[in-house]
Amino acid sequence: MNKHQKPVLTGQRFKTRKRDEKEKFEPTVFRDTLVQGLNEAGDDLEAVAKFLDSTGSRLDYRRYADTLFDILVAGSMLAPGGTRIDDGDKTKMTNHCVFSAKEDHETIRNHAQVFNKLIRRYKYLEKAFEDAMKKLLLFLKAFTETEQTKLAMLSGILLGNGTLPPTILTSLFTDNLVKEGIAASFAVKLFKAWMAEKDANSVTSSLRKANLDKRLLELFPVNRQSVDHFAKYFTDAGLKELSDFLRVQQSLGTRKELQKELQERVVLYVKEEMKRNDLPETAVIGLLWTCIMNAVEWNKKEELVAEQALKHLKQYAPLLAVFSSQGQSELILLQKVQEYCYDNIHFMKAFQKIVVLFYKADVLSEEAILKWYKEAHVAKGKSVFLDQMKKFVEWLQNAEEESESEGEDN
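Note that this is a predicted model, so its numbers are computed, not measured.

Reading the values: rules and limits
All residue numbers refer to position in the chain's written sequence, counted from 1. Given that the model is predicted, a residue must reach a pLDDT of at least 70 before its local features are reported, and side-chain atom pairs must reach 80 or more before they are shown or counted; all residues, however, enter totals for whole chains, interfaces and linings. The basis for the side-chain values is all heavy atoms of the structure; hydrogens and waters are excluded. In this scheme Phe, Tyr and Trp rings, the latter by its six-membered ring, pair at centre separations within 6.5 Å, and the angle between planes marks the pair as stacked below 30 degrees, edge-to-face above 60, and tilted otherwise. By the criteria applied, helices consist of DSSP H or I runs no shorter than four residues and strands consist of E runs no shorter than two, each listed in order from the N terminus. Each residue is assigned to one of three classes by its accessible area relative to the maximum for its type, calculated with a 1.4 Å probe on protein chains only: buried under 20%, partly exposed between the two thresholds, exposed over 50%. Put simply, buried Ala, Val, Leu, Ile, Met, Phe, Trp, Tyr and Cys residues joined by side-chain atoms within 4.5 Å make one nonpolar core. Residue contacts are defined here by distance: any two heavy atoms, one from each residue, within 4.5 Å place the two residues in contact. Salt bridge criterion: a side-chain nitrogen from Lys or Arg within 4 Å of a carboxyl oxygen from Asp or Glu. How sure the predictor is of each residue is captured by pLDDT, a score from 0 to 100. For this quantity, the arc is that covered by the directions from the helix axis to the C-beta atoms.

Details of the packing of aromatic side chains
Considering all chains together, one arrives at 25 aromatic pairs under this definition. Ring plane angle 15° and centroid distance 4.1 Å describe the contact between F230 and F234, whose orientation is recorded as stacked. Separated by four residues within a single helix, F230 and F234 lie in helix α10 (residues 227–236), roughly one turn from each other. Residue classification places F234 among the buried residues on the basis of a relative accessible area of 0%. Measuring from ring centre to ring centre gives 5.8 Å for W289 and Y340, while their planes differ by 90°; the resulting arrangement is edge-to-face. Placement of the pair is W289 in helix α12 (residues 281–294) and Y340 in helix α14 (residues 327–343), with a sequence separation of 51 residues.

Next up, the structure:
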């Protein structure tokens, strides 16, 4: 007797284990939770740091990083432009934030420590914090003068301890901040706080590495972007180190531009003379070498002269490269360098360094150096200079063999 099969539900049901999941929060719920925790912690910044540490395991800091940093700095969520979204409702704001702190360096430094600890604990907040600070700097007009001062101090301290990169300063170059004098005023307070954490050399070095050293004048309107105006403004504010730094940078820049222009004129002049007098390149390269080396009063100490020579020759390498386009010209230059180093005893140990500099600067080719080493050197100091060049020549030969081997394989 056939039994009818019982109907079954199609598909399968898998048992799932409940996992610990982060609670889902809307920005307003995130704000309320954060404000409540900060208010409960009060002025105890250790308690604030602990609250932020523990709450990060259930609050979505990654998604609501903007809200997080708005509240920690300004005590409230900020609308575009910097106005407080909850300005009329004190229950949705906290006074335990940077803007409500005492306006002194030590107090703001303690607040900075809260940010340091938070970002060390949640490393993914690093970039979000940088972006949040850039945004806050764009909102400066919406903040009171004392709030601007506290934000400047906080920024300077965090730049000093490396929590923030100098690139946040690019926000200050915004037209409306520059025109109204806010950018320069804010920058002065920021640099003072930064220098209180680190010395002036550390500050200027950081600016140079971030390529901001050449942009400092942009803190002022176009009609005031002069070194003299910058120097007076920053010196009057007690930042003479930055005034001196900018003067040096501008001087170096002017010198480099002048040197480049002079070299271009020299090239044109020499080429015209070569054409007029039917001079070959091989005759010119030796004259150029002599002129370049006679233009300097060399240090009498052997251990210092090599460094001085390399620095000097690096500037003139582009000029020499123009007139060493032929293999014979390169060999003549090598022989001139050899004779000079032999005739000037302090240069004896500098020969190899000069040749390597010229090789890297495309003044001398690999072929010319190998030919000089094997057969085209002169007698002066021959054994000393060949010995100096031995390792570098071996390196060139090995590189050449590897290149040939790769060519055959292909």
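Remarks on the nonpolar core
One finds L52, L68, F69, L151, L154 and F191 to be the most contacted residues of the largest nonpolar core, which totals 80 residues. When residues of this core are assigned to their parent elements, the largest contribution, 11 residues, is made by helix α8 (residues 182–197). What L154 contacts, discounting residues up to four positions off in sequence, is V73, V98, I108, A112, F115 and M133. Counting residues in hydrophobic clusters, the runner-up holds 47 residues, among them F351, V363, L364 and L386.

Side note on the pattern of salt bridges
Scanning the model with the defined rule gives 20 salt bridges in all. In this structure, D32 engages R31 in a salt bridge whose closest nitrogen and oxygen atoms are separated by 2.9 Å. When its relative accessible area of 36% is taken as the criterion, D32 is described as partly exposed. Across the salt bridge formed by R109 and E197, the nearest N and O atoms sit 2.7 Å from each other. Separated by 88 residues along the polypeptide, R109 in helix α4 (residues 105–121) and E197 in helix α8 bring together distant segments of the chain. Among the charged side chains, a network of salt bridges with common partners joins D66, D70 and K135.

Considerations on the environment of F358
Relative to the elements of secondary structure, F358 occurs in helix α15 (residues 351–360). With a relative accessible area of 0%, F358 lands in the buried category. Placed 44 residues apart in sequence, F358 and K314 show a C-alpha to C-alpha distance of 8.1 Å. Those residues in contact with F358 that sit more than four places away from it in its chain are W289, L313, L320, L333, V337, V363 and L364.

A word on the confidence of the model for the chain
Looking at the chain as a whole, the pLDDT averages 87, with 89% of positions reaching at least 70. Scored below 50 in pLDDT, residues 13–24 makes six contacts in the model with residues more than four places away or belonging to other chains.

Considerations on α10
Along α10, the residues classified as buried are V227, F230, A231 and F234. Each buried residue of α10 sits inside an arc of 100° when the element is viewed along its axis, so together they form one side. Exposed residues on α10 whose side chains face more than 90 degrees from its buried face are D228, K232 and D236. At the exit of α10 stands G238, carrying a positive phi of roughly 85°.

Describing the environment of L34
Relative to the helices and strands, L34 resides in helix α1 (residues 27–41). The contact partners of L34, leaving out residues within four places of it in the chain, are F51, L52, L68 and I71.

Digging into the side chain of E130
Note on placement: E130 falls in helix α5 (residues 125–138). Residue classification places E130 among the buried residues on the basis of a relative accessible area of 14%. Contacts of E130, omitting those with residues within four sequence positions, involve L164, P165, T167 and I168.

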